[in-house]
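Listed here are the chains, written in short residue letters.
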Amino acid sequence: MNLTEVKHGTTYRIIDLSRVNTIVQKRLIDLGVIEGVEICSKYAMPFGGPYMLEVCGQCLSLRKKDVNCIEVEQA
């Protein structure tokens, strides 16, 4: 499943980042967001706005377009 389909507040494990835009993918890797890391979707802004995610103890905000490309599984 992708990250837009998950329940907020639940922890998931990233299994695939290959569909994410290469520039965004490099920035995520620099922040420690890699395959196998646990991620938690905290909040989704209304009207297709950005998603607030918690990864490695830090909060990130990503566009829905990018979050839709991150594949996750239940942790």
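The sections below set out a description of the structure shown in this document. (Residues numbered from 1 in each chain as written. Predicted model: local features only at pLDDT ≥ 70, side-chain atom pairs only at ≥ 80, totals over all residues. Heavy atoms only, no water.)

**A word on the overall build of the chain**
In step 1: In terms of regular secondary structure, the chain is built from two helices and five strands.
In step 2: Each helix and strand of the chain, ordered N terminal to C terminal, gives the series β-α-β-β-β-α-β.
In step 3: Relative to the 2.2 N^0.38 estimate, which gives 11 Å for 75 residues, the radius of gyration of the chain is 11 Å and therefore close to what a compact globule would have.
In step 4: Referenced to the eigenvectors of the C-alpha coordinate spread, the extents of the chain come out at roughly 25 × 25 × 25 Å.
In step 5: The buried share of the chain, taken over its 75 residues, is 35%.
In step 6: The long-range fraction of contacts in the chain, counting pairs at least 24 apart against all pairs at least 6 apart in sequence, stands at 56%.
In step 7: With an accessible surface of roughly 4,500 Å², the chain has 53% of that area assigned to carbon and sulfur atoms. (Helix = DSSP H or I, 4+ residues; strand = E, 2+ residues; numbered from the N terminus. Rg over C-alpha atoms; globule rule 2.2 N^0.38 Å. Buried < 20%, exposed > 50% of the residue type's maximum accessible area, 1.4 Å probe, protein only. Contact = heavy atoms within 4.5 Å. Areas by Shrake-Rupley, 256 points an atom, 1.4 Å probe, with all protein chains shown as cover.)

**Some thoughts on the pairing of strand S3 (residues 51-55)**
In step 1: Side chains Tyr 51, Leu 53 and Val 55 of S3 all project onto a buried face; the interleaved residues Met 52 and Glu 54 project onto a face where none is buried.
In step 2: In this structure, strand S2 (residues 38-44) lies alongside S3, joined through five bridges in antiparallel fashion. Bridge pairing in S3 links Cys 40 to Glu 54.
In step 3: Here S2 folds back onto S3, and the loop between the two strands holds six residues, one of which, Phe 47, carries a positive phi near 60°.
In step 4: With five bridges connecting them, S3 and strand S4 (residues 58-62) associate as antiparallel partners. In the strand pairing of S4, Tyr 51 is matched with Leu 62.
In step 5: Between S3 and S4, which pair antiparallel one after the other, the connecting turn spans two residues, and Cys 56 there sits at a positive phi close to 55°. (Pairing = 2+ DSSP bridges.)

**Some words on unusual backbone geometry**
In step 1: The residue Phe 47 is not glycine, and still its phi comes out positive at about 60°.
In step 2: With a relative accessible area of 87%, Phe 47 lands in the exposed category.
In step 3: Positive phi outside glycine occurs at Cys 56, with the angle close to 55°.
In step 4: The residue Cys 56 is located in the loop between S3 and S4 in this model.

**Examining the state of the cysteines**
In step 1: Applying the stated criterion to the full structure yields zero disulfides.
In step 2: Cys 40 forms no disulfide, and the closest cysteine sulfur to it belongs to Cys 59, at a distance of 9.1 Å. (Disulfide = S-S within 2.5 Å.)

**Regarding the pairing of S2**
In step 1: In the sheet, strand S1 (residues 11-16) pairs with S2 via three bridges, with the strands oriented antiparallel. The residue of S2 that forms the bridge with Tyr 12 is Ile 39.

Functional significance is not addressed by these values, which are geometric in nature.
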